[in-house]
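So the chains spell out like this:
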Amino acid sequence: MTGLHNKSILLGVSGGIAAYKSAWLARLLIKAGAQVRVVMTQGASAFIQPLTFQAITGHPVHQQLLDTDAEAGMGHIELARWADAILIAPCSANLIARLAQGQANDLLTTLCLATQAPIYLAPAMNQQMWAHPATQANHQTLLSYGYQLLTPESGEQACGDIGPGRLPEPETLCAWLTQALDATQKSRLAQGLRFLITAGPTQEAIDPVRYLSNHSSGKMGYALAAAAASLGAEVDLVSGPVHLPAPAGVTRHSVTCAEEMLSTCQALQPHTQIFIACAAVADYRAAEVACHKMKKGQNEEPLTLTLVRNPDILATLAQDNPRLYCAGFAAETQQVETHAEQKLRRKGLQAIIANDVSDPQIGFGSEENQVTLLLKKGELTQTLTYPKMPKTQLSLVLIQQLLQHYQETFLHEQTPDQG
Ligand SMILES: Cc1cc2nc3c(=O)[nH]c(=O)nc-3n(C[C@H](O)[C@H](O)[C@H](O)COP(=O)(O)O)c2cc1C
């Protein structure tokens, strides 16, 4: 299903020479499954007849703000609420200036102030008008208000000038809007859900200056947190010591050792729906941490360090809260899938992401990863293998897959309990 299917699109047309392209644009939007209503500025009607749009859309064209008949039918506020998106193409320099000033001196500008729908503008004008500092300043103002603007194309213009200012072809405009609406839809996939994600290594102190740790860079966990946030989730990222900035929209909780990571996760899990354990938690810690820096021995005698097991954060959370969707990572060097499946069952998880860390191309610190995702489906396990790809791209794929699995099976299984 495309982003335009069953969408209510308000097509605004302003007074530019490219207004003739809007008729074909209206046709393409309808062919893509959208409901289209057209609003024209006074300037636009000097370039194209309202009747053209009425014939294409099957609906009267809206032109007047202060029109008692129109207000008795679909009034300006109703029209503003009806729209899933407003697309203005062409958008004249004059209209850009009026929108940047927040004017409401005609129907189209009033609708833009009154709507909660996203607004997409396709400016088109003479290249000198587009380059003018006033137009560029207005352009920046509109971006800061959250309007989305498509950069005009460069080329030969109706006035004979050559430069940027041309309205892209209707096919390009239609594809742009489709893509933008798809992205908006995706950005709401995880809305209302809270993720808890662990990342990075842990450091287990031996004495005040030494510790046991591993080579985890935290890149995979941070990429997962960023991906979940980009899909609209609330994200708590519990991170061991790494050199990475917190992704936008993510709440980072910095910890050092495994026990601290566990207690932080336990405090956060009652508010969490989906837990992804991506941190490379040290399996062991020193049985005793020396209060002072340990001195080198006098002779060649080896030093014996006694280690004790660290808590298993993933298994503990899965056991503590059966309503928590738990996904873990299995970094293996041989029989990757077999070991991963055993871990999935043993720890009571819903999903496990397995990778072969013996491959230096996809191991710790690399920008890419190649994983196999195992999903628990009752007694069965579904195995999904992905090709090698950048961790940022892989994270988005994994989060979407986990979300779908969470919704399909986990929510479904829990419904009877919830009455
Ligand atoms: C022949 C002609 C072509 C025009 N083409 C454009 C254009 O492509 N882009 C633009 O911003 N203004 C263009 N203008 C100027 C606008 O029509 C004018 O600024 C008008 O007030 C715009 O009104 P509106 O923004 O309310 O539709 C053109 C004017 C004329 C006479």
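Residues numbered from 1 in each chain as written. Predicted model: local features only at pLDDT ≥ 70, side-chain atom pairs only at ≥ 80, totals over all residues.

### Considerations on unusual backbone geometry
In the segment running from Ala89 into Pro90, the intervening peptide bond is cis, with an omega of 0°. If you trace the backbone, Pro90 turns up in strand S3 (residues 85-91). Not every positive phi belongs to a glycine, and Asn6 is a case in point at roughly 65°. Here Asn6 shows up in the segment before strand S1 (8-13). (Helix = DSSP H or I, 4+ residues; strand = E, 2+ residues; numbered from the N terminus.)

### Brief notes about the domain arrangement of the protein chain
One can read the domain layout of the protein chain as domain 1 (8-186) and domain 2 (194-283 + 305-414). For domain 1 versus domain 2, the distance between C-alpha centres works out to 45 Å. (Domains from an automatic or database assignment.)

### With respect to the pairing of S1
Summarising burial for S1: 5 of the 6 residues are buried, a large majority. When S1 meets S3, the two strands line up parallel, connected through 4 bridges. Looking across to S3, one finds that Gly12 is bridged to Ile88. (Buried ≥ 20, exposed ≤ 12 C-beta atoms within 10 Å, placed from the backbone. Pairing = 2+ DSSP bridges.)

### Details of the pairing of strand S20 (residues 380-385)
Pairing of strand S19 (residues 371-377) with S20, which is carried by 6 bridges, proceeds in the antiparallel orientation. Within the sheet, the bridge partner assigned to Leu373 lies in S20 and is Leu384. In this structure, the hairpin formed by S19 and S20 is closed by a connection of 2 residues, where Gly378 is found at a positive phi of approximately 65°.

### A closer look at helix H9 (residues 170-186)
Taking 1.5 Å per residue as the helical rise, H9 with its 17 residues ought to reach 24 Å, and the 24 Å between its terminal C-alpha atoms agrees with that figure. Those residues of H9 that sit buried are Pro170, Leu173, Cys174, Leu177, Thr178 and Leu181. Seen end-on, H9 carries its buried residues on one side only, within an arc spanning 135°. Residues of H9 that are exposed and angled more than 90 degrees away from the buried face: Glu171, Gln179 and Ala183. On its buried side, H9 packs onto helix H1 (19-31), S3 and strand S4 (119-123). (Expected span 1.5 Å × (residues − 1). Arc of directions from axis to C-beta. Contact = placed C-beta atoms within 7 Å.)

### Things to note about the site of the ligand
Neighbouring residues of the ligand: 16 residues in total, closest Gly15, Gly16, Thr41, Gly43 and Ser92. Here the shell around the ligand takes 3 residues from helix H5 (residues 93-100), the largest share from any one element. Tallied by class, the residues present in the shell around the ligand amount to 8 nonpolar, 8 polar and no charged. (Near = placed C-beta within 6 Å. Nonpolar A, V, L, I, M, F, W, Y, C, P; charged D, E, K, R; others polar.)

### A short note on the sheet that holds strand S13 (residues 274-277)
In space, the 8 strands of this open sheet follow the order S12-S11-S8-S13-S16-S17-S19-S20, with mixed pairing throughout. Among the strands making up the open sheet, the edge pair consists of strand S12 (250-254) and S20. When strand polarity is set aside, the average angle formed by the axes of neighbouring strands in this sheet is 20°. Of the pairings in the sheet, the one linking strand S8 (residues 194-199) to strand S11 (residues 234-239) comprises 6 bridges and is parallel in character. Counterpart to Thr198 in the pairing with S11 is Val238. (Axes fitted to C-alpha atoms, helices over the stretch in contact; angles between N-to-C directions.)

### Let's talk about the packing of H5 against helix H8 (residues 133-144)
Orientation of H5 relative to H8, taken along the N-to-C sense of each, is 50°, at an axis distance of 9 Å. Classed by the angle they form, the pair H5 and H8 counts as oblique. Regarding H5 and H8, the two cross each other, and that crossing is left-handed. Seen from H5, the contacting residues are Ala93, Ile96, Ala97, Leu99 and Ala100; seen from H8, they are Thr135, Asn138, His139, Thr141 and Leu142. Taken together, the residues that form the contact of H5 with H8 break down as 6 nonpolar, 4 polar and no charged. (Parallel < 35°, antiparallel > 145°, perpendicular 65-115°, else oblique. Left-handed = near helix turned anticlockwise from the far one by under 90°.)

### Let's talk about the confidence of the model for the protein chain
Do not read the predicted coordinates in detail wherever pLDDT is low. Mean pLDDT over the protein chain: 91, with 96% of residues reaching 70 or higher. A low-confidence stretch, residues 415-419 stays under pLDDT 50, and its non-local contacts, those more than four residues away or across chains, total 0 contacts. (pLDDT = per-residue confidence, 0-100.)

### A few points about the sheet that holds S3
Think of a sheet as strands paired side by side through backbone hydrogen bonds, with each pair either parallel or antiparallel. Spatially, S2-S1-S3-S4-S5 is the arrangement adopted by the 5 strands of the open sheet, whose pairing is parallel. The sheet is open, and its two borders are formed by strand S2 (35-40) and strand S5 (148-149), each paired with just one other strand. In the sheet, S3 pairs with S4 via 4 bridges, with the strands oriented parallel. Each bridged residue has a counterpart across the sheet, and for Ile88 the counterpart in S4 is Leu121.

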